[in-house]
Amino acid sequence: MRLVLFLFGLMVFVGCKQPTASQTKIVTQEEMEALLQNKGVQLVDVRTPEEYSEGFIPSAINIDFLSPTFLEDIESLDKEKPIIVYCQSGGRSGKCSKKLEEAGFKKIYDLQGGYSKWKYKGPDAETK
């Protein structure tokens, strides 16, 4: 009986645990542009090199989320400085944000709607 009560209590305790809050904040284009005014903000395009070469947000560096070296590549970034990530439409950058959290990054921002929405709103894109 004690064992049953102990297991029940353990299940209640574990089941009531609050999920950890995400460190990632979804930001609009306007919020991103304001963040970029601060020194040290890292802007990372997580699309493929082919997508990046077709156009990117000025000052963005390309670290391909689909690359097998992605986790090693993000180690070149400063975990203490804010980082803004974007992809084509928001899917990969959301997954990337989780990886950045796991890697110990403190302030992570994800551009809402990605490059597609940013480009649609009118800013000039750079190409390589």
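Look a little higher up for the structure.
Since we're looking at a predicted model, the values are computed, not measured.

> How should I be thinking about the pattern of salt bridges in this particular structure?
Pairs can form between side chains of opposite charge whenever their charged atoms are close. As enumerated under the stated definition, the model contains four salt bridges in all. Its salt-bridge partner being Glu-75, residue Lys-79 comes within 3.4 Å of it at the nearest N-O pair.

> Explanation requested: the sheet that holds strand β5 (residues 108-111) in the structure shown.
Within a sheet, neighbouring strands are paired by backbone hydrogen bonds and run either parallel or antiparallel to one another. Judged by pairing direction, the sheet is parallel, and its five strands sit side by side in the order β1-β5-β4-β2-β3 without closing on themselves. Across the chains shown, the open sheet's two edge strands, defined by having one partner strand only, are β1 (24-27) and β3 (61-62).

> Is there a simple way to think about helix α5 (residues 91-103) in this case?
Since the α-helix packs 3.6 residues into each turn, any two residues three or four apart lie on the same face. The end-to-end C-alpha separation of α5 is 19 Å, in line with the 18 Å expected for 13 residues at 1.5 Å each. Where the residues of α5 are buried, they touch β1, α3 (49-53), α4 (70-74), β4 (83-86) and β5. Residue Gly-104 follows α5 closely and has a positive phi angle near 100°.

> Whenever I open this one, the nonpolar core confuses me. Can you help?
Inside soluble globular proteins, nonpolar side chains tend to come together where they are buried. Membership of the largest hydrophobic core comes to 15 residues, with the highest contact counts inside it found for Met-32, Leu-43, Ile-57, Ile-84, Tyr-86, Leu-111 and Trp-118. Mapped onto this core, the elements with two or more residues apiece are α2 (29-35), β4, β5 and α6 (114-120). Not counting residues within four places of it along the chain, the set of residues in contact with Ile-57 comprises Met-32, Leu-43, Tyr-86, Leu-111, Tyr-115 and Trp-118.

> Please explain unusual backbone geometry as it appears in this structure.
Glycine aside, negative phi is the norm for most residues, and most peptide bonds take the trans geometry. Positive phi values are uncommon outside glycine, yet Ser-59 reaches one of about 80°. Checked against the element boundaries, Ser-59 lands in the loop between α3 and β3.

Conventions and cut-offs
- Residues numbered from 1 in each chain as written.
- Predicted model: local features only at pLDDT ≥ 70, side-chain atom pairs only at ≥ 80, totals over all residues.
- Heavy atoms only, no water.
- Salt bridge = Lys/Arg side-chain N within 4 Å of Asp/Glu carboxyl O.
- Pairing = 2+ DSSP bridges.
- Helix = DSSP H or I, 4+ residues; strand = E, 2+ residues; numbered from the N terminus.
- Expected span 1.5 Å × (residues − 1).
- Contact = heavy atoms within 4.5 Å.
- Core = buried A, V, L, I, M, F, W, Y, C linked by side-chain atoms within 4.5 Å.
- Buried < 20%, exposed > 50% of the residue type's maximum accessible area, 1.4 Å probe, protein only.

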